[in-house]
Amino acid sequence: MIEIPVRLASRRSLLLASGAGALALAGCTTRSTTTPSPTPEPTATVATHVPTAPDEPRMVSSPVATPQITPPPAAGTATPGAATPQATPRSTSPAQPVTKIPDTPEQKLATELVEDEWGIFGVVVLEADGTVIVSINGTTPFITASTYKVVVMADILHKVEQGTLKLDDYIELTGYNYGDGGLDNYFTPDQIGMSFPIEEYLIGVGVYSSNASAHSLLELTTVTSLNDTAKSIGMDRTHLFATIEDLPWWPPEPAIDAPPEEVAAAIEYLEHEFSLGPVNISTPLDMARYNLAIVNDTLISPWVSEQVANILLGQAIRDRIPFFLDGEVTTLDKPGNLEDAVNDVGVIFLPGGARPLALMAEAVPDEDRATYIEQRLALIAAGYTEYPPLPGEE
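Reading guide: rules and limits
- Residues numbered from 1 in each chain as written.
- Predicted model: local features only at pLDDT ≥ 70, side-chain atom pairs only at ≥ 80, totals over all residues.
- Heavy atoms only, no water.
- Core = buried A, V, L, I, M, F, W, Y, C linked by side-chain atoms within 4.5 Å.
- Buried < 20%, exposed > 50% of the residue type's maximum accessible area, 1.4 Å probe, protein only.
- Contact = heavy atoms within 4.5 Å.
- Salt bridge = Lys/Arg side-chain N within 4 Å of Asp/Glu carboxyl O.
- Helix = DSSP H or I, 4+ residues; strand = E, 2+ residues; numbered from the N terminus.
- Pairing = 2+ DSSP bridges.
- Axes fitted to C-alpha atoms, helices over the stretch in contact; angles between N-to-C directions.
- Parallel < 35°, antiparallel > 145°, perpendicular 65-115°, else oblique.
- Left-handed = near helix turned anticlockwise from the far one by under 90°.

Draft legend 1. Highlighting the nonpolar core. In terms of nonpolar packing, the biggest core is built from 84 residues, with Leu202, Tyr290 and Val308 touching the most fellow members. Ignoring any residue separated from it by four or fewer positions in sequence, one finds Tyr290 in contact with Val150, Val151, Ala154, Ile233, Met235, Leu299 and Val308.

Printed below as a string of structure tokens:
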């Protein structure tokens, strides 16, 4: 059984007391249930108006699109001579760390938006061919919060495709997996002790970010399997349930898109997290690679890619990437947050093609403000050259 780390008290005090956190850091239309196909050399279409904030709750009561999980290909339908689909590690990934700062309007606007914000912000925006449009702290490590669940989804779906699990296998929702932290986003306390199919847990994880669903699925896999799955996708610096001893590259060196003081702050923040127990970490580039694989049907296999996309198209938590873009373009995403970390990773489907992206923030003193920043970063990623003023700055 994978031991679920317990998130302890606020981490802000560490950074603020040390001075690291006090740095002024630089730093839809109707949705289909299939992944929109990218077109070659996609370019953003700059809108002629600035979207306004919707009058809607952060979480909608039902999925924007009804998730559809289809059965895996039947045995024997693979290409003759081919083995059962495997998560084969790759030595390279289409999207590489930048060796120079992208010369794009989106890079300039994103940098201007986050450079005076407190906390550490990471942004990567890609074209469907892997071209990097925006890179800010692209390879700097961030705590994943609930975005680690995208790896869980891929890992479990891979096991379903291999035949070691079935979508209609029923798993008991235990009190341990439900947890004692209050209400879940999907299940209710009176459902503890009942059994539900793996398919429902996958929807709970991807659409509602249900911790009870994630914990239940974690009983069906291992830490080694999760990390092997991440590596097979090209997520080279993603480590789940890791200790600092598991990271041969620690401490990370500042990259060209990461000011040294921001990397130092990230190291201090995460080393404190590691001192409390295993941690889930990733980078904006790794998370963008995951979403690039969805777009290109290479997330382990075309079938796994399609199922993850279909689930995430129904995202019920819509306060980050989709916030201003609903009614403008189609998005899929998986948000995650802790009391001092705010993330969202996904894909924006523009008329000219898909743009995978990852927005991550840690050691932030104001979770709401970080959310507002990421709403506007999503607009920039979609090609908007203007965005609404931040609340309180109208």
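Next comes the rest of the description.
Draft legend 2. Structural view of the pattern of salt bridges. Considering all chains together, one arrives at 9 salt bridges under this definition. Here Glu106 ties to Arg355 by a salt bridge, and the two come within 3.0 Å at their closest N and O atoms. Of the two residues, Glu106 is situated in helix α2 (residues 105–114) and Arg355 in strand β12 (residues 353–362); the sequence distance between them amounts to 249 residues. Under the relative-accessibility criterion, Glu106 is labelled buried at 10%. With a closest N to O distance of 2.9 Å, Glu393 and Arg369 form a salt bridge. Note that Glu393 is positioned in the segment after α11 (367–381) and Arg369 in helix α11, a separation of 24 residues in sequence.

Draft legend 3. Broad picture of the sheet that holds strand β3 (residues 120–126). Here we have 5 strands laid out as an open sheet, ordered β4-β3-β12-β11-β10, and antiparallel in their pairing. Bordering the open sheet on either side are β4 (132–136) and β10 (330–338), each of which pairs with just one other strand. Put simply, the sheet's adjacent strands are angled 10° from each other on average, direction ignored. Taken together, the 6 bridges between β3 and β12 define a ladder with antiparallel strand orientation. When the bridges of β12 are listed, Gly122 appears paired with Met360. Sheet contacts for α2: β3, β4 and β12; angle to β4, the most-contacted strand, approximately 20°. Contacts from helix α8 (residues 260–276) reach β3, β11 (341–350) and β12 within the one sheet, and its direction differs from that of β3 by about 110°.

Draft legend 4. How the structure looks around the packing of helix α3 (residues 149–162) against helix α6 (residues 211–218). The geometry of α3 relative to α6 is characterised by a closest axis approach of 11 Å and an angle of 45° between their N-to-C directions. Between α3 and α6, the interaxial angle falls into the category oblique. The handedness of the crossing between α3 and α6 comes out as left-handed. Contacts from Lys149, Val152 and Ile156 in α3 reach Asn211, Ala214, Leu217 and Leu218 in α6.

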